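Structure at a glance
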Amino acid sequence: MAGSVDLHKISRFANLAIPSMAVLFFLGGHYLSFYFHFLTVTFLLLTLVNLFYLFIQKKHTLLRNFGILGQARYIIESIGPEMRQYLFANDTEERPFNRIERSEIYRKSKGIDAASAFGSQLNFDNAEVKIRHSMYPVDKADIKPYSLTFGEERGLENSYTITKPYMVSAMSYGALGEKAVRALSRGARMAGIAMNTGEGGTPKYHMAEGGELIFQMGTAKFGVRNDDGSLNDDKLRKLCAEPTIKMVEIKLSQGAKPGKGGLLPKEKITKEISELRGVPMGKDVVSPAHHIECVCKKTTVAFIKRVQDIAMIPVGIKLCIGKTSDFLEMVLEMKAQNIFPDFIAVDGAEGGTGAAPKAFMDGYGMPLLPALYSVNKILVREGVRDKTKIIAAGKLINSSRQFIALALGADAIYSARGFMLSLGCIQAMLCGNNTCPVGITTHDPSLQKGLIVEEKAKRIANYVHGLEHDFYEMLAASGIRDTKDIKIDQLYIPEDTALAGQIKALLNNPNL
Amino acid sequence: MNRSSLIISWILQLSIAAIFIPTAYFKLTGNPESVALFSKLGMEPTGRYVIGFLEAAACGLLLNPNSAVHGAILTLGIMMGAVIAHSSKIGFSDGVFGYIAIALVIVSSAIIFIRRKQIKSIARMLS
Ligand SMILES: Cc1cc2nc3c(=O)[nH]c(=O)nc-3n(C[C@H](O)[C@H](O)[C@H](O)COP(=O)(O)O)c2cc1C
């Protein structure tokens, strides 16, 4: 508050000026024209508010000391994020996604040429993983088209094949509003990719659009639960018989809040939510930190088997890595029971969420690149890499980061926020407030009004198309004819990256 | 806001609306009494239309639960003006309107008090 302007003096002046103006305008109203009394009244009201701030309220020191001028600070503070975003932030300094990253997606989504000129704005002296090209690029026509079949390891009759390496990562109806769900589902269908339903229970709006879905079973098992939160076999069997449900994902943990459950407050449980999620109205519902069936490695692996037997379609798990030794032990248990999930989705700690405590969002879990490397490495070392597929998630929103993930062992790519940006997300960071200004993470009809489903669905399709275009160009530049040959030696990994550290750690300690 | 204060607030909102609907109507249609009153204030006809319009707007805001508090603030403003008019130019002797104005200042203040949490800017600051 210091500096060359003495706010204390100014505010003392203002606190006197406001009532004086009221008196002045009163005289004007009395002797000149009654219209002055519009201003008299305004300044009288301001005087009252000011008296309240200065003498009655006790919570805010600033208002008690400075009165109505102190409020300016609160107003400026409340519009601060927008001001910084629009006026002052550098193109490369915003988080989680800076303007360069966002605008690449916006351009892809609108089908505008995404070429840039003059040079990269990134810092090339710093520690960032880059991709190596080949001296001898191949012809795009010679590249074998991407294809991946989930469930082939178990010889499943209802295996599921994807022909593009992208899928929409879990976002529930609840975190997203109805229109966002519809636009995403429709867009995913137009693009020919699968979409994860998130843990929002029966995916009514997803199914209505007729795309291919991965049903996520959260720790509360919304949609397929008994009242105590355990699995209801019949409900799951029935849901998996739906033709649009192609796979099931058992969520063990999530990058933005690993090890943390959640609470669905009773105020949010509308009649519809109660039906879709299978929970009673008028009572808070707890999402536990783990599935009640899964209390150790043995029971967790057995639970995967149980779900596989009921679902009859590919069943995978989603988790964020904490200790690599925990993961190693689970893999050993899988080997012992000879049960493997059909895919393992690795969610990096940098993942997004509708709402999570700050401590968990910022402080917990392993970032994607080292975690992904470790998961792949452990599976290879245990000789079971061919028993399952790996999906990677965590800020994989542009082609180069996706390529890096594929090189580190991922078979396919999940993105949540990439697709949100494609829907028109402006990174207002209000997903938990029901006030998303672009109608994506809100249920407020007046905010969803601006989101035109058909229009945004096209954006999703364009985005996927743009990513796929880049993908084959990059394969060609790297001299790779088969997507299965994207390997880690394709990457340039500087010494002081988290990834390099993890590679060294695993090398030095075979028990990790 | 508990149930009983919500009910009280609605009764007060409705009673303001019940007064404003006819007064706004008379002002906007040029009822001779209104014309006489605004002539005394030297605001004929613009001021009459402006105040009539503001009364109608306050009425609309008061009848919507999301904007009731803003309607009450507007009412308070208009009625403070009316009290000034009666005490400085018109006097309280002919008719009840001067006393009604005083009553509405109190009633609208009560609504603002009951619904103070709905004043968004303040609510956000005090949270
Ligand atoms: C609004 C929102 C809602 C989400 N809901 C879920 C969810 O229900 N279940 C889940 O496992 N992950 C959820 N996630 C996490 C994403 O699925 C994903 O794992 C993570 O955001 C990383 O991908 P990204 O960096 O491309 O966004 C959500 C993320 C966001 C942004």
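Computed from a predicted model, the values in this text were never measured in an experiment. Every chain is numbered independently, its residues counted from 1 as its sequence is written. Naming scheme: in the order in which they are written, chains are lettered from A and ligands are numbered from 1. Reporting of local features is limited, given that this is a predicted model, to residues whose pLDDT is at least 70; pairs of side-chain atoms are given and counted only at 80 or more, and all residues count toward the totals for whole chains, interfaces and linings. Values reported for side chains reflect all heavy atoms of the structure, with hydrogen atoms and water molecules removed beforehand.

So, about the overall build of chain A. Strands here mean DSSP runs of E at least two residues long; helices mean DSSP runs of H or I at least four residues long; both are numbered from the N terminus. Secondary structure assignment for chain A yields 19 helices and 14 strands. Referenced to the eigenvectors of the C-alpha coordinate spread, the extents of chain A come out at roughly 95 × 60 × 45 Å. Expressed as a percentage of the 512 residues in chain A, the buried residues total 50%. Surface accessibility follows the Shrake-Rupley procedure with a 1.4 Å probe radius. Residue values consider only the protein chains on display as shielding. In the structure as shown, chain A presents an accessible area of about 24,400 Å², 57% of it carried by carbon and sulfur atoms. All tallies of charge rest on Lys and Arg as positive and Asp and Glu as negative; His and the ends of each chain are not included. To locate a charge, take NZ of a lysine, CZ of an arginine, CG of an aspartate or CD of a glutamate. Charge centroids of chain A, computed over 62 positive and 53 negative side chains, lie 5 Å from each other. Each residue is assigned to one of three classes by its accessible area relative to the maximum for its type, calculated with a 1.4 Å probe on protein chains only: buried under 20%, partly exposed between the two thresholds, exposed over 50%.

This next bit is on the interface of chain B and chain A. A common measure of how large an interface is: the accessible area buried when the components associate. Contacts are assigned to residue pairs with any non-hydrogen atoms lying within 4.5 Å of each other. Counting from both sides, the interface comprises 20 residues of chain B and, opposite them, 18 residues of chain A. Here chain B meets chain A over a buried area of about 1,700 Å², counting both sides, of which 78% is carbon and sulfur. For salt bridges, the criterion is a side-chain nitrogen of Lys or Arg within 4 Å of an Asp or Glu carboxyl oxygen. Summed over the shared surface of chain B and chain A, the result is zero salt bridges. Listing elements by their share of the side of chain B that touches chain A, those giving two or more residues are α3 (46-62), α4 (68-90) and α6 (120-126) of chain B. Examining the composition of the side of chain B that touches chain A, we find that eight residues originate from one element, α4(B), more than from any other. Note on residue categories: nonpolar means Ala, Val, Leu, Ile, Met, Phe, Trp, Tyr, Cys or Pro, charged means Asp, Glu, Lys or Arg, and polar means any other residue, Gly included. Partitioning the side of chain B that touches chain A into residue classes produces twelve nonpolar, six polar and two charged. Here the buried area means the combined drop in accessible surface, using a 1.4 Å probe, for two parts upon being joined, counting both sides.

Residues and elements named next belong to chain A. The eight strands lie next to each other as β4-β5-β6-β7-β10-β11-β12-β13, forming a closed barrel whose pairing is parallel. Sheet twist, expressed as the average angle between the axes of neighbouring strands with direction ignored, equals 30°. Set on the sheet, helix α15 (residues 399-407) makes contact with β4 (166-168), β12 (389-393) and β13 (412-415); between it and β13 the angle comes to about 135°. Any two strands with at least two DSSP bridges between them are considered paired. To get an axis, a line is fitted to the C-alpha atoms, and for a helix only the part in contact is used. The angle between two axes follows their N-to-C directions and goes from 0 to 180 degrees.

So, on to the packing of helix α6 (residues 99-110) of chain A against helix α18 (residues 453-477) of chain A. All names here are of chain A. Taken N-terminus to C-terminus, the directions of α6 and α18 make an angle of 105°; their axes are 6 Å apart at the nearest point. Viewed along their axes, α6 and α18 adopt a mutual orientation that is roughly perpendicular. Residue-level inspection shows E104, I105, K108, S109 and K110 of α6 in contact with α18, the latter providing K458, R459, N462, Y463, G466, L467 and D470. Partitioning the contact of α6 with α18 into residue classes produces three nonpolar, three polar and six charged. The scheme is simple: roughly parallel for angles under 35 degrees, roughly antiparallel for over 145, roughly perpendicular for 65 to 115, oblique for anything else.

Residue and element names in this part refer to chain A. Any residue with a heavy atom positioned within 4 Å of a molecule or strand is treated as near that molecule or strand. Taken together, 22 residues sit near the ligand, with S169, A170, Q216, K395 and R417 positioned nearest. Within the contact set of the ligand, an oxygen atom lies 2.8 Å away from a side-chain nitrogen or oxygen of Q216. Q254 is positioned such that a nitrogen or oxygen atom in its side chain is 3.2 Å from a nitrogen atom of the ligand. Contact with the protein chains covers 98% of the free accessible surface of the ligand, which is 610 Å². Here a polar contact is recorded for every N or O atom pair within 3.5 Å, except that within protein the pair must consist of a potential hydrogen donor and a potential acceptor, and residues adjacent in sequence are included only if both atoms are side-chain atoms.

Attention now moves to the domain arrangement of chain A. Domain delimitation in this document rests on an assignment produced automatically or drawn from a domain database. What the domain assignment lists for chain A is domain 1 (7-78) and domain 2 (130-507). Placing the centre of domain 1 of chain A and that of domain 2 of chain A at their C-alpha centroids yields a distance of 54 Å.

On to the nonpolar core. The biggest cluster of nonpolar side chains holds 123 residues, and the ones touching the most others in it are M167(A) and F327(A). Tallying contributions element by element places α18(A) first for this core, with eleven residues. Contact partners of F327(A), with chain neighbours within four places excluded, come to L319(A), I321(A), I344(A), V375(A), I378(A) and L379(A). Counting residues in each nonpolar core, the second largest holds 30 residues, with I16(B), F38(B), L41(B) and V69(B) among its members. Think of a nonpolar core as a cluster: buried Ala, Val, Leu, Ile, Met, Phe, Trp, Tyr and Cys residues, connected wherever their side-chain atoms sit within 4.5 Å.

Moving on, we come to the pairing of β12(A). In regular strands, side chains alternate between the two faces of the sheet. Residues and elements named next belong to chain A. With five of five residues buried, β12 lies mostly within the body of the structure. Covered by surrounding structure in β12 are K389, I391 and A393 together with I390 and A392, the residues of both alternating faces. As judged from the five bridges shared by strand β11 (residues 343-347) and β12, these two strands associate in the parallel manner. Note that in β12 the partner of F343 across the bridge is K389. One crossover worth recording links β12 to the parallel β13 by way of α15, and it is right-handed. By convention a crossover is right-handed if, when the strands point away from the viewer, the path from the first strand over the helix to the second runs clockwise.

All names here are of chain A. Considering the arrangement of structural elements, one finds K130 in strand β1 (residues 130-131). A relative accessible area of 22% places K130 in the partly exposed class. Separated by 375 residues in sequence, K130 and A505 have C-alpha atoms that sit 21 Å apart. Excluding anything up to four places from it in sequence, K130 contacts L122, F124, Q490, L491 and Y492.

With that out of the way, let us pick up the confidence of the model for chain B. Residue and element names in this part refer to chain B. The pLDDT value expresses, per residue, how confident the predictor is, ranging between 0 and 100. Counting all residues, the mean pLDDT for chain B is 91, and 94% of those residues have values of 70 or more. Averaged over each element, pLDDT in chain B is lowest for α6 (58) and highest for α3 (96). Across the predicted assembly, pTM comes out at 0.81 and ipTM at 0.91.

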